[in-house]
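Each chain, written out:
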Amino acid sequence: MAFQKLISTCVPLPIENVDTDQIIPARFLKATSREGFGENLFRDWRYLPGDVPNPDFVLNNPVFSGEILVAGKNFGCGSSREHAAWALLDHGFRVVISSFFADIFKSNALNNSLLPVQVEEAFLHQLLDQILAVPKTALLVDLENQMMEVSGSHLKTSFEINPYKKACLLNGFDDIDYILSRRAAIELFEAQSSCP
């Protein structure tokens, strides 16, 4: 799934240290395909006993919607389950913004076409304040130029991303797709190689 630019409203989750068991609890990891995890995203926060939707949790609040999750610091800590990225994608998120990501979560997200955007703490707080004050706030995420800005606002920032992972996201490549896209260069190298 290629990613170039996204303009979307945002879902605010101003909670720090959200671990992967909170994102997708371990009891839901039995499936062998990537589909269906979205219905259990943040399961223990989304539902009260008896599978009653928790009206106080943001995903159950119709005021907030969109393909961008804006989370507190240290998002995706804990165990290394790839299912966390699958659950976020399956729910409909394309971007997660935080001031810090656990390394393994960040890698899993990038490998599954979910863009983790790390921003300065001050920008994160400004963005969360803006979204909470104006839920229909639209955010532009431009991967090619590595920048984000709130539509109709001076609030914008740049972000870093591994150049290889950026190329993969822009083209919708996984690691194998990327290697195949370099087939001509690989064949040329092999043809010019002095090894038999």
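Counting restarts for each chain, with residues numbered from 1 along the sequence as it is written. pLDDT decides what is reported in this predicted model: residues at 70 or higher carry local features, side-chain atom pairs at 80 or more are listed and counted, and totals for whole chains, interfaces and linings draw on all residues regardless. Hydrogens and water molecules were not included; the side-chain quantities draw on all heavy atoms of the structure.

## Describing the layout of surface pockets
Note the cut-off: Using protein atoms alone on a 1 Å grid, points that fit a 1.4 Å probe yet trap it form a cavity, whereas open point sets bounded by protein on both sides within 12 Å along at least five of seven lines form a pocket; residues with an atom within 4 Å of a point count as lining. Grid points are joined across faces, edges and corners, and a volume is the space filled by probe spheres set on the points. Strands are runs of DSSP state E lasting at least two residues, helices are runs of H or I lasting at least four, and both sets are numbered from the N terminus onward. Note on residue classes: Ala, Val, Leu, Ile, Met, Phe, Trp, Tyr, Cys and Pro are nonpolar, Asp, Glu, Lys and Arg are charged, and everything else, Gly too, is polar.
Here the largest pocket defines a volume of roughly 240 Å³. Along the wall of the largest pocket there are 15 residues; nearest its centre are N111, N112, F173, D174 and D175. Taken together, the elements giving at least two residues each to the lining of the largest pocket come down to α4 (103-111), α6 (163-171) and α7 (175-181). Ranked by the residues each element gives to the lining of the largest pocket, the list is headed by α6, at 3 residues. Among the residues forming the lining of the largest pocket, the class breakdown is 5 nonpolar, 4 polar and 6 charged.

## Comments concerning the pattern of salt bridges
What counts is decided by this rule: Only one rule defines a salt bridge in this text: a Lys or Arg side-chain nitrogen within 4 Å of an Asp or Glu carboxyl oxygen. Think of it in three bands: residues with accessible area under 20% of the maximum for their type are buried, residues over 50% are exposed, and the middle band is partly exposed, with areas taken using a 1.4 Å probe on protein chains only.
What the rule picks out here adds up to 3 salt bridges. The salt bridge partner of R81 is D21, with a shortest N-O separation of 2.9 Å. In this pair, R81 sits in the loop between β4 (68-71) and α3 (83-91) while D21 sits in helix α1 (residues 20-23), placing the two residues 60 residues apart along the sequence. Where R27 meets D44, a salt bridge forms, and the shortest distance between an N and an O atom there is 2.5 Å. With R27 in the loop between α1 and α2 (43-46) and D44 in helix α2, this pair connects stretches of sequence that are 17 residues apart. A relative accessible area of 46% places R27 in the partly exposed class.

## With respect to the packing of aromatic side chains
The line we're drawing: Between the rings of Phe, Tyr and Trp (Trp by its six-membered ring), a pair exists once the centres lie within 6.5 Å; its type follows the angle of the planes, with under 30 degrees stacked, over 60 edge-to-face, and the other angles tilted.
If you walk through the whole model with that rule in mind, you get 7 aromatic pairs. On the numbers, 5.6 Å between centres and 55° between planes, the contact of F37 with W86 is tilted. Of this pair, F37 sits in the loop between α1 and α2 while W86 is found in helix α3, placing the two residues 49 residues apart along the sequence. Feature note: the residues F42, W45 and F57 constitute an aromatic cluster, connected by ring pairs.

## Describing α4
Heads up, the rule is: Residue contacts are counted whenever heavy atoms from the two residues lie within 4.5 Å of one another.
Taken residue by residue, α4 has F105, N108, A109 and L110 as its buried positions. On its buried face, α4 is in contact with α1, α3, β6 (115-118) and α6. In the stretch just after α4, S113 is the one whose phi turns positive, near 65°.

## Remarks on the nonpolar core
This is how it is decided: Take the buried Ala, Val, Leu, Ile, Met, Phe, Trp, Tyr and Cys residues and link them wherever side-chain atoms come within 4.5 Å; each set so joined is a nonpolar core.
Counting residues in each nonpolar core, the largest one holds 55 residues, and the members touching the most others are F42, F75, L88, I97, F105 and L115. Among the elements that line this core, the one with the most residues is α3, at 6 residues. Apart from residues no more than four positions distant in its own chain, L115 is found in contact with F3, R94, V95, V96, L110, V141, L143, F159, I161 and L169.

## A closer look at the packing of α3 against α4
What counts here: Here, axes are lines fitted to C-alpha atoms. For helices the fit covers the stretch in contact, and angles between N-to-C directions go from 0 to 180 degrees. Each angle receives one of four descriptions, namely roughly parallel if under 35 degrees, roughly antiparallel if over 145, roughly perpendicular if within 65 to 115, and oblique otherwise. The handedness criterion is simple: a crossing whose near helix is rotated anticlockwise from the far helix by less than a right angle is left-handed, and one whose near helix is rotated clockwise is right-handed.
The N-to-C vectors of α3 and α4 enclose an angle of 50°; their axes lie 8 Å apart at closest approach. For the element pair α3 / α4, the angle class is oblique. The element α3 and its partner α4 pack so that their crossing is right-handed. Contacts between α3 and α4 involve A84, A85 and L88 on the former and, on the latter, F105, N108 and A109. Grouping the constituent residues of the contact of α3 with α4 by class yields 5 nonpolar, 1 polar and no charged.

## A look at the sheet that holds strand β9 (residues 156-158)
In plain terms, the rule: By the convention used here, strands pair only if DSSP detects at least 2 bridges between them.
A sheet is described by the order of its strands in space; here 7 strands give the open sequence β6-β5-β4-β1-β7-β8-β9, paired in mixed fashion. At either margin of the open sheet sits one strand with a lone partner, and together these are β6 and β9. Here the average twist between neighbouring strands, direction ignored, is 25°. Pairing analysis gives 3 bridges linking β4 to strand β5 (residues 95-98), with the strands arranged parallel. Of the residues in β5, the one forming a bridge with V70 is I97.

That is the geometry; function is a separate question.
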